[in-house]
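Residue strings, one per chain:
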Amino acid sequence: MHQPVLIKEILQTLAPHSGGLYLDGCLGAGGYAEAILNASSPDGQLFGFDVDSESIERTEQRLQTFRKRFRFWHAGYHEAASILESTGIGKLDGIVIDLGLSSDQLEDQERGFSFKFQSPLDMRFDRTKGKSAQDLLHDLSEVELEQIISNYGEEPRAAKIARRLKEAIKNGALDSTEQLSEIVAKSVGRKRGRIHPATRVFQALRIAVNDELNNLKRGLEELPRLLKTNSRLCIVSYHSLEDRLVKSTFRDMGRNFHKWHVVTPRPLRPSLEETRSNPRSRSAKMRVIEAL
Ligand SMILES: C[S@@+](CC[C@H](N)C(=O)[O-])C[C@H]1O[C@@H](n2cnc3c(N)ncnc32)[C@H](O)[C@@H]1O
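The structure presented is a predicted model; accordingly, all values stated were derived computationally and were not measured.

A short note on the pairing of strand E5 (residues 227-237)
Sheet analysis places strand E4 (residues 92-98) next to E5, joined by six bridges and oriented parallel. Its bridge partner lying in E5, Val-96 is registered against Cys-234. In this sheet, strand E7 (residues 285-291) lies alongside E5 in antiparallel orientation, the contact comprising six bridges. Residue pairing across strands places Ser-237 opposite Lys-285, the latter belonging to E7.

In structure tokens, the structure reads:
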């Protein structure tokens, strides 16, 4: 089961209270949602979103006891502002967005998020629509693939990797995560002790398949208007492209200091204790902005 990251810090920052209205834009396994519902009992309400219908189904089961105070949508956090406004739900007392993927998704061998398994090249959070990683590898030109690997994976050897991947696709020799990771490793060589060379390529493809950075841009533009005065938006991110976007957006908002206060000029990071007990939390950074 996914272990929620920075959960103590989330609760301290949001300080959920009875009667409050909260949005969890990335429900995942429901760890944050459950903690917020507990902390806001007896009558705080939580509105949850996730693009992964399987996560939604599991989380609905997990949160059965809260069903009178919990509503959820199979939709993106980037769509949440318009959906909540159209349903007439008023302004909110706090918003959390825990980006990326859950351990449940990473460890699901059908999903193709990890190069540790032999899986189909899917990588979609929402398996009900859109193009899989396999489709993208087919449809993109070599130059487009190179740009994705370079921009979203920050991989200096993107040109060589893109060339080898396109060759393999043409020869029908690339349809599993294992083959993808082998081709990348062969293209760039593997240095001992470094992260696996396929890590950046997996990250790049996942970002492209799920349009993650555009969704984050839209979320950052639209979600703040849902906040009540003195309430907060917390974003937890796991790689530098996301963190840079959150940091620069919050910094620009903070210039309007009558309206916004940047609570975290430096991001909050997991404690040593947390990274020891949950190594996947290592890369997490949390940034918070408050509506004035
Ligand atoms: C790190 S997990 C969240 C874990 C959660 N905080 C918990 O405690 O269980 C991220 C979740 O965000 C979902 N997700 C990714 N992009 C999304 C988007 N644009 N809108 C909504 N959910 C999204 C993923 O499907 C995944 O379930």
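After that view of the structure, there is still more to cover.
Notes on the sheet that holds strand E3 (residues 70-74)
Spatially, E3-E2-E1-E4-E5-E7-E6 is the arrangement adopted by the seven strands of the open sheet, whose pairing is mixed. What marks the edges here is a single partner per strand, and that holds for E3 and strand E6 (260-262). Each neighbouring strand pair of the sheet contributes to a mean axis angle of 15 degrees, computed without reference to strand direction. With five bridges connecting them, strand E2 (residues 45-50) and E3 associate as parallel partners. Bridged to Asp-50 within E3 is His-74.

Quick look at the domain arrangement of the chain
Along its sequence, the chain is organised into domain 1 (7-104 + 213-291) and domain 2 (111-211). Measuring from the centre of the C-alpha atoms in domain 1 to the corresponding centre in domain 2 gives 29 Å. The biggest single contributor to the side of domain 1 that touches domain 2 is helix H11 (residues 212-222), with three residues. Its residues placed into classes, the side of domain 1 that touches domain 2 shows four nonpolar, four polar and one charged.

Comments concerning helix H12 (residues 240-254)
Relative to the 21 Å expected for 15 residues at 1.5 Å per residue, H12 spans 20 Å between its end C-alpha atoms, a close match to the ideal helical length. For H12, every residue scored as buried is listed here: Glu-242, Asp-243, Val-246, Lys-247 and Phe-250. Looking straight down H12, one finds that the buried residues subtend no more than 125 degrees of arc, so they occupy a single side. Exposed and facing more than 90 degrees away from the buried side of H12 are Ser-240, Arg-244, Ser-248 and Asp-252.

Some words on the pairing of E7
The buried fraction of E7 amounts to six of the seven residues, a majority that puts the element mostly inside the structure. Judged from the three bridges that link them, E6 and E7 form a sheet pairing that is antiparallel. Each bridged residue has a counterpart across the sheet, and for His-261 the counterpart in E7 is Glu-290.

Re the nonpolar core
Ranked by size, the top nonpolar core spans 42 residues in total, and within it Ile-95, Leu-226, Leu-233, Cys-234, Ile-235 and Val-236 carry the most contacts. Discounting residues that sit within four places of it in the chain, Val-236 has contacts with Val-5, Leu-6, Asp-98, Leu-99, Ala-284 and Met-286.

Describing the site of the ligand
Inspection of the region around the ligand gives 23 residues, with Pro-4, Cys-26, Gly-28, Gly-31 and Gly-76 positioned closest. Looking at the shell around the ligand, the elements with two or more residues in it are helix H2 (31-39) and E2. Taken together, the residues that form the shell around the ligand break down as nine nonpolar, eleven polar and three charged.

Here we look at the environment of Glu-34
Residue position: Glu-34 is located in helix H2. Remark: the alpha-carbon pair of Glu-34 and Phe-70, spanning 36 residues in sequence, is separated by 9.6 Å. Excluding residues within four positions of it along the chain, Glu-34 makes contact with Arg-62 and Leu-63.

Criteria and cut-off values
- Residues numbered from 1 in each chain as written.
- Predicted model: local features only at pLDDT ≥ 70, side-chain atom pairs only at ≥ 80, totals over all residues.
- Pairing = 2+ DSSP bridges.
- Helix = DSSP H or I, 4+ residues; strand = E, 2+ residues; numbered from the N terminus.
- Axes fitted to C-alpha atoms, helices over the stretch in contact; angles between N-to-C directions.
- Domains from an automatic or database assignment.
- Nonpolar A, V, L, I, M, F, W, Y, C, P; charged D, E, K, R; others polar.
- Expected span 1.5 Å × (residues − 1).
- Buried ≥ 20, exposed ≤ 12 C-beta atoms within 10 Å, placed from the backbone.
- Arc of directions from axis to C-beta.
- Core = buried A, V, L, I, M, F, W, Y, C linked by C-beta atoms within 7 Å.
- Contact = placed C-beta atoms within 7 Å.
- Near = placed C-beta within 6 Å.

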